[in-house]
Protein chains: 2
Amino acid sequence: MGMGRPREFDAEMALDQAMEVFWRHGYEGATIAQLTEAMGINPPSLYACFGNKEGLLKAALDRYTKLRGVWMDEVIAAPTARAVAERMLMGIADKQTDPANPPGCLLVQGGIACGTGSENVPFELAARRAQNEDQLRDRFVRAKAEGDLKESADPAALARYVSAVSVGMGVMASSGADREALRQVADVAVQAVAAQSADRT
Amino acid sequence: MGMGRPREFDAEMALDQAMEVFWRHGYEGATIAQLTEAMGINPPSLYACFGNKEGLLKAALDRYTKLRGVWMDEVIAAPTARAVAERMLMGIADKQTDPANPPGCLLVQGGIACGTGSENVPFELAARRAQNEDQLRDRFVRAKAEGDLKESADPAALARYVSAVSVGMGVMASSGADREALRQVADVAVQAVAAQSADRT
DNA sequence: CCACATCTGTAGTGAACACTACATATCTGG
DNA sequence: CCAGATATGTAGTGTTCACTACAGATGTGG
């Protein structure tokens, strides 16, 4: 019993290309023809490796969140809640306007509303965004315990807020907002977190 | 030269139904079959009245922005920049979770990323969102002139910020966030505007 | 070198899509 | 009551979609 013919393409490189297509056109807007061309393979290879279109999206999302996870850890490592928010939102302003990638965020561009048969896609993307929010919330819980945030502060609400601003910035980036515009938004947004911080001397 | 057979359906009522379908499934996710069924008409009537699918979307957007314009005027009429932000974001928290409509905002759900041939749709939606932002900016310019906002405040940045938060809240609503969660976000978000306000006594 | 397993490219599959031809129905103006 | 004009319902049109059957290629284990 042999092991069969080996794969001729690099799965991770192909995923990077697929990620970009989903990022630019959304799940429903991306066609298998576009995906296979970008990935440099033919449909049967795609289906053998990823199952179907939705499987490919999930694999691309896994790769995306893995890459972003590294950066997110740096964000969480900031010393204060305010610094976390600032590092996160300013970083997002830069990332979402990085010409190396399509504008905006894959977790938003992937698909906010989908047609019948793809209802699962927006749900999947929301779940990934929620993971980020949970990380932030845990960090803000710690900040409160450390006395870095006011007693009246609600860590979950703050995390939801920062997450909401991130999403809004992503949509703006995808519709043409430049880096400076996003930084201005981030700058204003951080002040709300600062207002929840103790010792604002 | 007669005037021809009169239309048997009410265009505005039909538009309301079409609006809901686009709102729930997005432009690309909505099919002509779904639209005609919701509108209670057959395809030829749709095309005779609205030209094509994109024409129908634009008509639905016109109706949506017209309805929202009334509410927006009330928001703008609030006495201070802070009150404007509060009225806007709290109102949005309620509207985006109103069970009478699909969750979120049509200007976001309509389509953030689209496939080849529909690139115009995200652009169209962005233009409508920009109109809202312009209204806010003008109001904040006035607030600054009135001494309601600090000298250092940037009205355009504040307007972009409020607009970004609105969009983020819409995405959250569409992925299941409840009214209370959105109100918490709005509550935090308003504090950033408050931080730009003068006379915070 | 042979049986077996997996990948690859060609060339399609049926289904769903946006959109429309056409015959018929219903109005206005004369 | 007739001629012109527009709306409607039926029943399609061609195109594009996600997905796959199949045959040939390329590997491993015996």
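Notes on the structure follow. Keep in mind it's a predicted model, so treat the numbers as computed, not measured.

1. Topic: the side chain of Arg 128 of chain A
Residue and element names in this part refer to chain A.
Next, step 1: Relative to the helices and strands, Arg 128 is located in helix α7 (residues 120-145).
Next, step 2: In this structure the side chain of Arg 128 is engaged in a polar contact, spanning 3.0 Å, whose partner is the side chain of Glu 124.
Next, step 3: If near-sequence neighbours (up to four positions away) are discounted, Arg 128 is found in contact with Lys 58, Leu 61, Asp 62, Thr 65 and Leu 107.

2. Some remarks on the state of the cysteines
Residues and elements named next belong to chain A.
Next, step 1: All chains considered together, the criterion is met by zero disulfides over all chains.
Next, step 2: With no disulfide partner, Cys 105 has as its closest neighbouring cysteine sulfur the one in Cys 114, 15 Å distant.
Next, step 3: Accessibility expressed as a relative area gives 9% for Cys 105, which makes it buried.

3. Let's talk about the relation of the copies chain B and chain A
Next, step 1: Superposing chain B onto chain A requires a rotation of 180° together with a translation of 0.0 Å along the rotation axis, leaving an RMSD of 0.0 Å. The two molecules are tied by a two-fold rotation axis, judged by turn and shift.

4. Considering the protein's contact with DNA strand D
Next, step 1: Close contacts around DNA strand D come from 25 residues, with Ile 32 and Lys 53 of chain A together with Arg 5, Glu 8 and Asn 42 of chain B the closest.
Next, step 2: Backbone atoms, meaning sugar and phosphate, form 69% of the atoms of DNA strand D found within 4 Å of the protein.
Next, step 3: Within the side chain of Arg 5 of chain A, an N or O atom sits 3.1 Å from a base nitrogen of DNA strand D.
Next, step 4: Within the backbone of Glu 8 of chain B, a nitrogen or oxygen atom sits 2.6 Å from a phosphate oxygen of DNA strand D.
Next, step 5: Looking at the surface near DNA strand D, the elements that each hand over two or more residues are α3 (43-50) of chain A together with α3 (43-50) of chain B.
Next, step 6: It is α3 of chain A that contributes the most residues to the surface near DNA strand D, three residues altogether.
Next, step 7: The class makeup of the residues in the surface near DNA strand D is 12 nonpolar, eight polar and five charged.

5. Digging into the interface of chain B and chain A
Next, step 1: With 39 residues of chain B in contact, the opposing surface of chain A contributes 39 residues.
Next, step 2: Together chain B and chain A conceal approximately 3100 Å² of surface at their shared face, both sides included; 64% is due to carbon and sulfur atoms.
Next, step 3: Area buried by chain B at its contact with chain A is led by Ile 112, Arg 160 and Val 188 of chain B, which between them contribute 17% of it.
Next, step 4: Where chain B touches chain A, the interface holds nine residue pairs in polar contact (both at pLDDT 80 or more).
Next, step 5: Mapped by element, the contributors of at least two residues to the side of chain B that touches chain A are α1 (11-29), α7 (120-145), α8 (155-174) and α9 (179-195) of chain B.
Next, step 6: In terms of residues, the side of chain B that touches chain A owes the most to one element, α8 of chain B, which gives 13 residues.
Next, step 7: Tallied by class, residues from the side of chain B that touches chain A come to 19 nonpolar, 14 polar and six charged.

About the thresholds
- Residues numbered from 1 in each chain as written.
- Chains lettered and ligands numbered in written order.
- Predicted model: local features only at pLDDT ≥ 70, side-chain atom pairs only at ≥ 80, totals over all residues.
- Heavy atoms only, no water.
- Helix = DSSP H or I, 4+ residues; strand = E, 2+ residues; numbered from the N terminus.
- Polar contact = N/O pair within 3.5 Å; in protein donor to acceptor, adjacent residues only side chain to side chain.
- Contact = heavy atoms within 4.5 Å.
- Disulfide = S-S within 2.5 Å.
- Buried < 20%, exposed > 50% of the residue type's maximum accessible area, 1.4 Å probe, protein only.
- Least-squares fit on C-alpha atoms with pLDDT ≥ 70 in both.
- Near = heavy atom within 4 Å.
- Nonpolar A, V, L, I, M, F, W, Y, C, P; charged D, E, K, R; others polar.
- Buried area = accessible area lost by both parts, 1.4 Å probe.

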